[in-house]
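Residue-level structure breakdown
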Amino acid sequence: MKKLIVPALVLAAVSAAAMPAAAQSYGRPAPHANAGYGNWQAINVRQANLDRRIDQGVRNGQISRREATSLRGQFSALLRLEASYRRGGLTAWERTDLDRRFDRLSAQIRVERRDRDNRRS
């Protein structure tokens, strides 16, 4: 009986020591982190990021008030569309459509911030 307990304890100790190492990702995202959506961010995170970038552009003088009003109007329309999609639950197509629209708005913010329309010089 004693011969069976010692190897079992050794096996348990070795496996317990190996478990934290097996759980590490070593710089790679966990397989469930994006659930098959590539580099996809949560919609709420993207919304907050876009809103922050518009505000920051206005504060820095990179985006004029007129440009900010237009960008915020597009942002609001996108929020309404997302609310409409969420009523029945987001399908894969709706998620892709929202992602594409967020990408387009993000690119437009980047263009407006770099177009030097509102610079004083």
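Residues numbered from 1 in each chain as written. Predicted model: local features only at pLDDT ≥ 70, side-chain atom pairs only at ≥ 80, totals over all residues. Heavy atoms only, no water.

Quick look at the nonpolar core now. Core analysis: the biggest nonpolar cluster contains 13 residues, and Leu50, Leu71, Leu98, Phe102, Leu105 and Ile109 have the highest contact counts within it. At five residues, helix α3 (residues 65-87) tops the list of elements feeding residues into this core. In this view, Leu71 contacts Ile54, Ile63, Leu105, Gln108, Ile109 and Glu112; residues no more than four positions away in its chain are not counted. (Core = buried A, V, L, I, M, F, W, Y, C linked by side-chain atoms within 4.5 Å. Buried < 20%, exposed > 50% of the residue type's maximum accessible area, 1.4 Å probe, protein only. Helix = DSSP H or I, 4+ residues; strand = E, 2+ residues; numbered from the N terminus. Contact = heavy atoms within 4.5 Å.)

This part covers the confidence of the model for the chain. The predicted model of the chain has a mean per-residue pLDDT of 76, with 62% of residues at 70 or higher. In the model, residues 18-37 has pLDDT below 50 throughout and makes four contacts with residues more than four positions away in sequence or in other chains. (pLDDT = per-residue confidence, 0-100.)

A separate point is the packing of α3 against helix α4 (residues 92-114). α4 packs onto α3 with a crossing angle of 170° between their chain directions and a minimal axis gap of 11 Å. As far as their axial angle goes, α4 and α3 are roughly antiparallel. Residue-level inspection shows Glu67, Leu71, Gln74, Phe75, Leu78, Leu81, Glu82 and Tyr85 of α3 in contact with α4, the latter providing Trp93, Glu94, Asp97, Leu98, Arg101, Phe102, Leu105, Gln108, Ile109 and Glu112. Taken together, the residues that form the contact of α3 with α4 break down as ten nonpolar, two polar and six charged. (Axes fitted to C-alpha atoms, helices over the stretch in contact; angles between N-to-C directions. Parallel < 35°, antiparallel > 145°, perpendicular 65-115°, else oblique. Nonpolar A, V, L, I, M, F, W, Y, C, P; charged D, E, K, R; others polar.)

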